[in-house]
Amino acid sequence: MPEAIAYERQGDIAILKAQNPPVNALGLDMRKGLVDGIARAEADDGVKAVLIYGDGRTYFAGADIREFGKTPQEPYLPDVCNRIEASPLIVVSAMHGTALGGGLEIALSSHYRIAVPSARMGLPEVHLGLIPGATGTQRLPRLTGVEKAIEVITSGRQIGAKEAQSLGIIDRVAEGEPREIGLAYVKDLLDSGAGRRAVSELPAPQPIDFDAAYEATLKKSRGQLSPAYGVRAVQAACELPFAEGVAEERRLFMELMGTDQRQGMIHAFFSERAVGKLPELDGVDPRPINAIAVIGGGTMGAGIATSALLAGLPVVLLEMTPEAAEAARKRIEGNLGGALKRGKLSQEKFDALTQTALTLTTSYDDLKDVDLVIEAVFEEMGVKKKVFAELDRVCKPGAVLASNTSYLDVDEIAASTTRPGDVLGLHFFSPAHVMKLLEIVDADKTAPEVLATGFALGKRMGKISVRAGVCDGFIGNRILKTYRTAADHMVLDGASPYQIDKALTDFGFAMGPYAVADLAGLDIGWATRKRLAPTRDPRERVPSYMDKLCEDGHFGQKTGKGYYIYEAGKRAGVPNPEVTKLIEAERTELGLSPRDFTDEEIIRRYMAAMVNEAAKVVGEGIARRPLDVDMVKLFGYGFPRYRGGPLKWADLQGLPALLDDIKSYAREDEYFWQPAPLLEQLVAEGKTFDDLNKAAG
């Protein structure tokens, strides 16, 4: 096996080549190799400069994820960075691919930096609940100034080479192979008599109002700590000598290492990579997908078609009338127009997608050649069955037939065809071209290669795909119904929808449940309640005040009034006083005496309901692993990423105490608060949900 860092000499230049494929991760061997390589160059008579570059597809892409959770070994990365910068030789980094996290910190420790135009760089540690921990927060502000450094560190975003040059992060952008452009740059520096230029020796940047920046960052990140800690680390770069600033960066970094937030975000990081890997699909080849069809061009259908077009798939969109088809085209053009305005899509590409790749039709016969069809029609079983009967008639053998249903029984839909093995659910989330979650519903007779095809399509579209079994609402909406019911019970018992929304946004949710209901449309929940009413258990508590809102034509944002009142052009609303009156009237009718709820109690009950139902979903096999639930909630329902997902949150809180709370709530409502058998089993065995993830591989 070759050394992680290869040493070569060309004239008076020593060349250190990183060769640790596939991403030149900064593991122990790489760190040792860099330190040894610098020392060898310094001892090599006649060497005046060192060039560092990466072999293969990238410079140092970042830390070695195989070392996550393990005790680090010397040399530590901050010491490697300081050793590189301290060299009396001129050190130059030539960058291509990505230089992220520790990779960028190595580059910042070099005296000069050059990159190819396609190179990207950044400090993404905030996405792991951390801050840069190898001097990045101390060196970056000396190059970019405080405000730009804070923006880069707290967002964790990637920066292109051109922008990096404008910010002062790199010195030159040049076309070519990293080794060749790097050597040319080193020679230019030597020929011009340039000396070392250590970033740590540059003047400290001008300070700003750091307390205000800290508070603003904490508010923007909805309680996530790591971005705000990044502000404090940059503050240290302004106020302390470099060595003391590095020590403060390390202190802040280690403090974050001990937080639940860091554990939650590490869990999210690894779960995101594991969720699409199913043992039953090992060795199963998906069917080829070269063209797809979408049935229905409303908001959801147009979003699905947009996502497919952006993934490079030709789309045939079926509507019932030419007018409806043209309206669908306008929706798709509107979706793509956003990418066009942001410069993500060229005018030429926009024209090709909307005029060539998209075909509109009103005839099912035009779907005979597509490889996969996704229906996105009205959420009513009779309507779905009629669509699938037509698809069964016209689609070619082997075509995958998919339903975008949010709740309905995919087994029943599949049974309405002569080819149930070709049927599965593909539950997109609106807007489908923006939301990353895709629930792939594995029906009873879905063929393995059809399931694999669903995952292949999700990957092509850039989705986080999660396998779900068949039940009412699958994973996400089934659990949503339960914790939303817990919220509704609290409203009847004395809390207000607005207190609940605020408590949960303070917890870290993007929106509270009642604001979400307004956004989605209150008519959706109304239709579901009416659909389930005939089979409802008489013990179930179902408030009726929201039905009265719907009966009066108030469906939330789309009608301008729901739980909140929305002024034209504004997405945020103000509380609707009519809702409070309706709630008070229902309490009186039911003979309920309202009581006060603390925000902490609201959060605990809401989360207990979520976790309990999630445990039932996992226990029944609707979700195969707890991490599947966590990813559904993170990517489809606004759950705060820094908490890892509801089942990771439950592990961190402690399952025994949570089960005790659920049992205490059951004394008030035995029907609703029935402890999940899986939760009881885990507590009895002293295990966690994470133990189940590990057992599943």
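Everything numeric in this text was worked out from a predicted model, so none of it was measured.

Parameters at a glance
- As a convention, each chain's residues are numbered from 1 in the sequence order in which they are written.
- Under the rules for a predicted model, residues below a pLDDT of 70 receive no local features and side-chain atom pairs below 80 are neither given nor counted, while totals for whole chains, interfaces and linings still include all residues.
- Water and hydrogen atoms were dropped before computing side-chain values, which therefore reflect all heavy atoms in the structure.
- A run of DSSP states H or I qualifies as a helix once it reaches four residues; a run of E qualifies as a strand once it reaches two. Both are numbered from the N-terminal end.
- The globule rule is 2.2 Å times the number of residues to the power 0.38, and the radius of gyration it is compared with is taken over C-alpha atoms.
- When a residue's accessible area, from a 1.4 Å probe over protein chains only, is under 20% of the maximum for its type it is buried; when over 50% it is exposed; and in between it is partly exposed.
- A contact between two residues is defined here by any heavy atoms of the two lying within 4.5 Å.
- Surface accessibility follows the Shrake-Rupley procedure with a 1.4 Å probe radius. Residue values consider only the protein chains on display as shielding.
- Under the counting rule used here, the positive set is Lys and Arg, the negative set is Asp and Glu, and His together with the chain ends is not counted.
- Think of each charge as sitting on NZ of Lys, CZ of Arg, CG of Asp or CD of Glu.
- Under the pairing criterion, centres of Phe, Tyr and Trp rings, with the six-membered ring standing for Trp, must be within 6.5 Å; the plane angle then separates stacked pairs below 30 degrees from edge-to-face pairs above 60, leaving the rest tilted.
- Only when the NZ atom of a Lys or the CZ atom of an Arg is both within 6 Å of the ring centre and within 35 degrees of the ring normal do we say a charge sits over the ring.
- DSSP calls a pair of strands paired once it identifies at least 2 bridges connecting them.
- Every axis in this analysis is a line fitted to C-alpha atoms, fitted for helices over the stretch in contact. Angles between the N-to-C directions lie between 0 and 180 degrees.
- Just so you know how the angles are binned, under 35 degrees is roughly parallel, over 145 roughly antiparallel, 65 to 115 roughly perpendicular, and the rest oblique.
- Whether a crossover is right-handed depends on one test, that the path from the first strand over the helix to the second runs clockwise when the strands point away from the viewer.
- Picture the helix axis, draw a direction to every C-beta atom, and the arc is the one those directions span.
- Pairs of N or O atoms are called polar contacts if they sit within 3.5 Å, as long as, within protein, a hydrogen donor faces a hydrogen acceptor (for residues adjacent in sequence, only side-chain-to-side-chain pairs).

Trainee: Give me the lowdown on the overall build of the protein chain, citing residues and values where you can.
Mentor: Within the protein chain one finds 29 helices and 19 strands. Computed over the C-alpha atoms, the radius of gyration of the protein chain is 28 Å, within 12% of the 26 Å expected from 2.2 N^0.38 for a compact globule of 697 residues. Projected onto its principal axes, the C-alpha coordinates of the protein chain cover approximately 90 × 60 × 55 Å. Counting the 697 residues in the protein chain, one finds 55% classified as buried. Across the protein chain, the fraction of contacts at a sequence separation of at least 24, relative to all contacts at a separation of at least 6, is 73%. Looking at the protein chain as shown, the accessible area adds up to about 29,400 Å², and 52% of this sits on carbon and sulfur atoms. The distance from the centre of the 83 positive side-chain charges to the centre of the 97 negative ones in the protein chain is 2 Å.

Trainee: Tell me about unusual backbone geometry, residues and numbers included.
Mentor: That bond from Pro21 to Pro22 is cis: its omega, 5°, falls within 30 degrees of zero. For Pro22, the position within the fold is in the loop between β2 (13–18) and α1 (28–43). Pro75 follows Glu74 through a cis peptide bond whose omega is 0°. As for its placement among the helices and strands, Pro75 is situated in the loop between β3 (49–54) and α2 (77–86). At Arg222, a position not held by glycine, the phi torsion is positive, near 50°.

Trainee: Can you explain the packing of aromatic side chains? Please cite residues and give values.
Mentor: Enumeration over the complete set of coordinates arrives at 17 aromatic pairs. Ring geometry for Tyr483 against Tyr606: centres 5.0 Å apart, planes inclined by 65°, an arrangement best described as edge-to-face. Taken together, the residues span a long stretch of sequence, with Tyr483 in helix α18 (residues 476–493) and Tyr606 in helix α24 (residues 599–619) at a distance of 123 residues. Comparing Tyr483 with Tyr606, the two get one shared label, buried. Geometrically, the ring pair formed by Tyr564 and Tyr566 is tilted, given 6.5 Å between the ring centres and 55° between the ring planes. Assessed through its relative accessible area of 11%, Tyr566 is described here as buried. Arg595 extends its terminal NZ or CZ atom over the ring of Phe597, reaching a point 3.8 Å from the ring centre. Sitting over the ring of Phe507, Arg643 keeps its end group 3.9 Å from the ring centre.

Trainee: Help me get a handle on the sheet that holds strand β17 (residues 464–468), residues and values and all.
Mentor: A sheet is described by the order of its strands in space; here eight strands give the open sequence β12-β11-β10-β13-β14-β15-β16-β17, paired in mixed fashion. Each having just a single partner strand, β12 (358–361) and β17 make up the two edges of the open sheet. Across the sheet, the mean angle from the axis of one strand to that of its neighbour is 25°, orientation sign disregarded.

Trainee: Before we move on, can you summarise the packing of α18 against helix α25 (residues 626–636) with the specific residues and values?
Mentor: When two helices pack together, you describe them by how their axes are tilted relative to each other and by the distance separating the axes. Two elements in contact, α18 and α25, have axes separated by 10 Å at closest approach and are oriented at 75°. In terms of orientation, α18 lies roughly perpendicular with respect to α25. Between α18 and α25, the contacting residues are Gly476, Ile479, Leu480 and Tyr483 on the first element and Val629, Val632 and Lys633 on the second.

Trainee: Which residues make up the pairing of strand β11 (residues 315–318), and what values go with them?
Mentor: Side chains on a regular strand alternate between the two faces of the sheet. Side chains of β11 alternate between two faces, with Val315 and Leu317 and Val316 and Leu318 buried alike. Bridge count between strand β10 (residues 292–295) and β11: four bridges; the pairing is parallel. Considered in β11, the bridge of Ile292 is made with Val315. As for the winding sense of the linkage, the β-α-β connection from β10 through helix α12 (residues 299–310) to β11 is right-handed. Where β11 meets β12, four bridges bridge the pair, whose relative direction is parallel. Residue pairing for β12: Val316 is matched across the bridge by Thr359.

Trainee: How would you sum up helix α8 (residues 210–220)? Please name residues and give values.
Mentor: Listing the buried residues of α8 in full gives Phe210, Ala213, Tyr214 and Thr217. The buried residues of α8 occupy one face: seen down the axis, they fall within an arc of 100°. On its buried face, α8 is in contact with α5 (146–155) and α9 (225–239). Between a side-chain oxygen at the N-terminus of α8 and the backbone nitrogen of Asp211 the separation is 3.4 Å; the capping residue is Asp209.

Trainee: Quick one: what's the story with helix α20 (residues 513–520), residue by residue and with numbers?
Mentor: Those residues of α20 that fall on the buried side of the exposure criterion are Pro513, Tyr514, Ala515, Ala517 and Asp518. Along its buried surface, α20 packs onto α18, α19 (497–507), α21 (522–532), α22 (545–551), β18 (564–565) and α24. One or two residues past the end of α20 sits Gly521, with phi positive at roughly 110°.

Trainee: Got a sec to walk through the environment of Gly223? Specific residues and values, please.
Mentor: By the element assignment, Gly223 lies in the loop between α8 and α9. Separated by 127 residues in the primary sequence, Gly223 and Phe350 place their C-alpha atoms 38 Å from one another. Once you skip the residues sitting within four places of it in the chain, Gly223 turns out to touch Leu218, Gln261 and Tyr642.

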